[in-house]
Amino acid sequence: MDKIMNLQEHADKALEWMWAVLPNVVIAIILLVLGTYIIRFINKMVRKFFLRKDYDLALETFLQSFISIGLKIILFVLVITQLGVQTTSLVAILASAGLAIGLALQGSLANFAGGVLILLFKPFRIGDFISAQGVDGTVREISIFTTKVSTFGNQIAVIPNGQLSNNTIVNYNALNTRRDKIDVGIGYGSNIKQAKEIMLAICKERETILKEPAPEVYVGELADSSVNLTLRFWANNSDFWAAHFYVLEEIKYRFDAAGIEIPFPQRVVTQVKG
């Protein structure tokens, strides 16, 4: 009989506790649902705001990510507090968790700091063609932790911001013009002056190759089997690759027509009769 009474007492206490906690749980769920909806609405308004303003695209992406994460953290704190967790206890828990997470996610914190540095010092912008961390491509997005780069093969390379901010970055769009350097080898029996005139004529005829600074050709090396000529010319960034490939192809056509030899490695195999 005593055991039954104890069970009844425990059941009554559990039921009483449940009825006491249930309103807070319901309110917390409602708060979570409404908060999620409000966060989505705010994020949508932020995106519309940036669409109307002419801010830097990298800054827009970074701020949108930062605002979204910040609002979610605030919502989490509100829901936990509504469930009965004391604010002082929550602060202590968050401080301890923050320390543990900070130690475990040092790389992520470094990436966040790297993202801030990229936005402050602007070594590149969205749309710039860069070379970094062994990746060449066009910057598509700069977020809180990573930067997305579109490569020549139309793949997306995701590079951590921490590595970008602490290593060498080559930005090919930082200046409006770019100089090309093409090395071509000709045979020792070929006419060097004629070859140089042909290469300069190609640059002169091509409208997208700048006339100032003027293209130049010089003998770069007397190699084992060839005289290596170096051609240098300038072009606008938008015309650079088209000019580069055009000059390479045209040099081959015109050297062949003029009888100028472009040496290539050859292997002679002789058969020894026994």
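Above: the structure in question.
Conventions we followed
- Within each chain, residues carry numbers counting from 1 in the order of the written sequence.
- With the structure being a predicted model, the display of local features is reserved for residues of pLDDT at least 70 and the display and counting of side-chain atom pairs for 80 or more, all residues being used for whole-chain, interface and lining totals.
- Side-chain metrics in this entry use all non-hydrogen atoms of the structure; hydrogen atoms and water are not considered.
- Pairing between strands is defined by DSSP: at least two bridges between the two strands are required.
- Each helix corresponds to a stretch of at least 4 residues labelled H or I by DSSP, and each strand to a stretch of at least 2 residues labelled E; elements are numbered beginning at the N terminus.
- Simply put, an axis is a line fit to the C-alpha atoms, just over the touching stretch for a helix, and the angle between two N-to-C directions goes from 0 to 180 degrees.
- Contact between two residues is taken to exist if any of their heavy atoms lie within 4.5 Å; hydrogens are not considered.

Visitor: Got a sec to walk through the sheet that holds strand 7 (residues 216–222)? Specific residues and values, please.
Guide: Pairing is antiparallel in the open sheet, where 3 strands are placed in the order 6-8-7. Both edges of this open sheet fall to strand 6 (177–186) and strand 7, since each of them pairs with a single strand only. Adjacent strand axes in the sheet meet at a mean angle of 25°, parallel and antiparallel pairs treated alike. Sheet topology places strand 6 next to strand 8 (residues 227–236); 10 bridges connect them, and they run antiparallel. Bridge pairing in strand 8 places Asp 183 opposite Thr 230. Strand contacts of helix 6 (residues 192–205): strand 6, strand 7 and strand 8, with the helix running at about 15° to strand 8, the strand carrying the most contacts. Packing of helix 7 (residues 240–258) onto the sheet brings it into contact with strand 6 and strand 8, and relative to strand 6 it is tilted by some 20°.

Visitor: Give a detailed account of the environment of Thr 61, specifying residues and quantitative values.
Guide: Looking at the secondary structure, you find Thr 61 in helix 2 (residues 57–82). C-alpha separation for the pair Thr 61 and Ile 144, spaced 83 residues apart in sequence, amounts to 8.2 Å. With residues near it in sequence (within four places) discarded, Thr 61 still touches Ile 126, Glu 141, Ile 142 and Ser 143.

Geometric values such as these leave the question of function open.
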